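One letter stands for each residue in the lines below.
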Amino acid sequence: MESTFRTENLSVFYGKYEAVKNISLDFPDQSVTALIGPSGCGKSTFLRSLNRMNDEISQATIKGKIWIEGQDINAPDTDVIKLRQKIGMVWQKPNPFYKSIYENIAFGPKYHGIKNKSMLDEIVESSLRKAALWDEVKDRLKQSALSLSGGQQQRLCIARALSVNPGILLLDEPASALDPVSTSKVEELIIELKRELSIVIVTHNMQQAARISDYTAYFYLGTLMEHGDTELIFTNPVNATTQEYISGRFG
Ligand SMILES: Nc1ncnc2c1ncn2[C@@H]1O[C@H](COP(=O)(O)OP(=O)(O)OP(=O)(O)O)[C@@H](O)[C@H]1O
Ligand SMILES: [Mg+2]
């Protein structure tokens, strides 16, 4: 089945340096795809290109295509703000705005034109519920987001991404700065969210990739070495370097 979100021969360059080399990868709906591979192999570069975050890096250029619902996201007439509404992103380090918990979530919907207070209240509550944070913050919505713990801040960032109803969520090592309890909350959340979304997650944690992903893509030196069902990749990788990486012998 051809997915509506996919890359086709995608290369990403920093100046002349080709950090991502000719990668064709598809991200089926309602599933989690894990991107794994040693440090510097191009995972974040690839992920950032999927919602044009690389636009912010002046020397970054791309070759090839990224398709969403039949549209080339790099076509000149693409509305990047709308694109990032469809394709949300959460980074390794929680980066809440210097605003209240409420305003962190309401910001995106307001930006997209929702002014009605009760509608905003509803979005704030439902986004926080989806991110499994509501019960912990419902009595302190006016407090600064920075008063939250790291794990709570990360779930807030996930709620913020969800507030504008994306179809796709990009996560770059979202749990690597979190303690085991917060990590398992984020993992449960990802499994829950994939009922509605397509999720692409970069992780260095092999157990995590095995636990939460349906598909795994192994990157090595900018190339896609192997891609397929997570279970198969973890039990029976075709490639020797994949085998070495997942069994922890390098990386
Ligand atoms: N802004 C940038 N300018 C120039 N080169 C960059 C930039 N960002 C990344 N690179 C280079 O591109 C390559 C891929 O980096 P990237 O951050 O995508 O790797 P990664 O797989 O995410 O690594 P890690 O697991 O350490 O996060 C590296 O060689 C890196 O030095
Ligand atoms: Mg990275």
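Refer to the structure presented above.
Here the structure is a predicted model, which is why all the values come from computation and not from measurement.

Trainee: Before we go on, may I ask you to explain the sheet that holds strand E4 (residues 60-68) in this structure?
Mentor: Each strand in a sheet pairs with another by means of backbone hydrogen bonds, the pair being arranged parallel or else antiparallel. The antiparallel open sheet is built from four strands, whose spatial order is E2-E1-E4-E5. Among the strands making up the open sheet, the edge pair consists of strand E2 (17-26) and strand E5 (71-72). Judged from the six bridges that link them, strand E1 (residues 5-14) and E2 form a sheet pairing that is antiparallel. Note on E2: the bridge partner recorded for Thr7 is Leu25.

Trainee: Is there a simple way to explain the nonpolar core in this structure?
Mentor: Nonpolar side chains tend toward joint burial in soluble globular proteins. With 41 residues, the main nonpolar core has Leu128, Ile158 and Leu169 as its most contacted residues. Ranked by the residues each element gives to this core, the list is headed by helix H6 (residues 150-162), at six residues. Those residues in contact with Ile158 that sit more than four places away from it in its chain are Val90, Ala131, Leu169, Val186, Leu189 and Leu193. The next biggest cluster of nonpolar side chains, apart from the first, holds 25 residues, and it includes Val12, Leu50, Ile68 and Ile87.

Trainee: What am I meant to see in the site of ligand 1 here?
Mentor: Taken together, 16 residues lie near ligand 1, and Ser39, Gly40, Lys43, Thr45 and His204 sit nearest. Interatomic distance of 3.2 Å between a backbone N/O atom of Cys41 and an oxygen atom of ligand 1. Gln59 is positioned such that a nitrogen or oxygen atom in its side chain is 3.3 Å from a nitrogen atom of ligand 1. Contact with the protein chains removes 66% of the 630 Å² of surface that ligand 1 exposes when unbound. When residues of the shell around ligand 1 are traced back to their parent elements, those giving at least two are E2 and helix H1 (43-49). Here the shell around ligand 1 gets four residues from one element, more than from any other, and that element is H1. Of the residues that constitute the shell around ligand 1, the class distribution is six nonpolar, seven polar and three charged.

Trainee: Any chance you could explain the layout of surface pockets here in plain terms?
Mentor: Gaps between atoms show up when a probe of the same size as a water molecule is rolled over them. In this structure, the largest pocket occupies an estimated 570 Å³ of space. Surrounding the largest pocket, 22 residues form its lining, Met53, Arg84, Phe97, Arg160 and Val164 being those nearest its centre. Where the lining of the largest pocket is concerned, the elements lending two or more residues are helix H2 (80-86), strand E6 (87-90), helix H3 (101-111) and H6. Of all the elements, H2 adds the most residues to the lining of the largest pocket, at four residues. Residues that form the lining of the largest pocket fall into these classes: 12 nonpolar, seven polar and three charged.

Trainee: Sorry, what's going on with helix H4 (residues 117-130) here?
Mentor: Side chains of residues three or four places apart in an α-helix project in the same direction, reflecting 3.6 residues per turn. Here H4 spans 20 Å end to end across 14 residues, near enough to the 20 Å set by a 1.5 Å rise per residue. Residues Leu120, Ile123, Val124, Ser127 and Leu128 constitute the buried set of H4. Taken down its axis, H4 places every buried residue within 120 degrees of arc, on the same side. Where the residues of H4 are buried, they touch H3, helix H5 (134-137) and H6. Backbone geometry just after H4 places Ala132 at a positive phi near 55 degrees.

Trainee: Honestly, the environment of His204 in this entry has me stumped. Any pointers?
Mentor: Along the chain, His204 falls in the loop between strand E8 (198-202) and helix H8 (206-212). Assessed through its relative accessible area of 36%, His204 is described here as partly exposed.

Trainee: Teacher, can you tell me more about the packing of aromatic side chains here?
Mentor: Geometrically, a pair of aromatic rings is defined through the distance of the ring centres and the angle of the planes. One pass over the structure, following the stated rule, counts six aromatic pairs. Ring centres of Tyr218 and Tyr245 lie 5.3 Å apart, and the angle between their planes is 35 degrees; on these two criteria the pair is classed as tilted. Highlighted residues: Tyr218 in strand E9 (residues 215-220) and Tyr245 in helix H10 (residues 240-246), separated in sequence by 27 residues. Across this residue pair, the class does not change: Tyr218 and Tyr245 are buried. Put simply, the rings of Phe5, Phe27, Phe46 and Phe219 touch in pairs and so form one group of aromatic residues. When the ring centre of Phe97 is taken as reference, the NZ or CZ atom of Arg160 above it lies at 4.2 Å.

Calculation criteria
Starting afresh in each chain, residues are numbered from 1 along the sequence in its written order. Throughout, the order in which chains and ligands are written sets their labels, letters from A for the former and numbers from 1 for the latter. Confidence filtering applies because this is a predicted model: local features only for residues at pLDDT of at least 70, side-chain atom pairs given and counted only at 80 or more, and all residues used for totals across whole chains, interfaces and linings. Neither water nor hydrogens contribute to the side-chain values; these are computed over all heavy atoms in the structure. Two strands pair if DSSP finds at least two bridges between them. For helices the rule is a DSSP run of H or I covering at least 4 residues; for strands it is a run of E covering at least 2, with both sets numbered from the N terminus onward. Take the buried Ala, Val, Leu, Ile, Met, Phe, Trp, Tyr and Cys residues and link them wherever side-chain atoms come within 4.5 Å; each set so joined is a nonpolar core. For every residue, the accessible area (1.4 Å probe, protein chains only) is compared with the maximum for its type, and the residue is labelled buried under 20%, exposed over 50%, or partly exposed between those bounds. By the convention used here, residues are in contact when the closest approach between their heavy atoms is within 4.5 Å. It suffices for a single heavy atom of a residue to lie within 4 Å of a molecule or strand for the residue to be listed as near it. Each polar contact in these results corresponds to two N or O atoms within 3.5 Å; when the atoms are within protein, one needs to be able to donate a hydrogen and the other to accept it, and residues that are neighboring in sequence are counted only if both atoms are side-chain atoms. Only the protein chains shown count as covering a residue, and every accessible area follows the Shrake-Rupley method with a 1.4 Å probe. Each residue is assigned to one of three groups, with Ala, Val, Leu, Ile, Met, Phe, Trp, Tyr, Cys and Pro labelled nonpolar, Asp, Glu, Lys and Arg labelled charged, and all others, Gly among them, labelled polar. A pocket, in this scheme, is an open set of points on a 1 Å grid over the protein atoms alone with protein on both sides within 12 Å along at least 5 of 7 lines, while a cavity is a set where a 1.4 Å probe fits but cannot get out; residues line either one if an atom lies within 4 Å of a point. Grid points are joined across faces, edges and corners, and a volume is the space filled by probe spheres set on the points. Expected helix span is computed as 1.5 Å times (number of residues minus one). As used here, the arc belongs to the directions running from the helix axis to the C-beta atoms. Paired rings are identified among Phe, Tyr and Trp, the last through its six-membered ring, by centres lying within 6.5 Å, and are further divided according to the angle between planes into stacked (under 30 degrees), edge-to-face (over 60) and tilted (the rest). Only Lys NZ and Arg CZ are tested; either one counts as a charge over a ring when it is within 6 Å of the ring centre and within 35 degrees of the ring normal.

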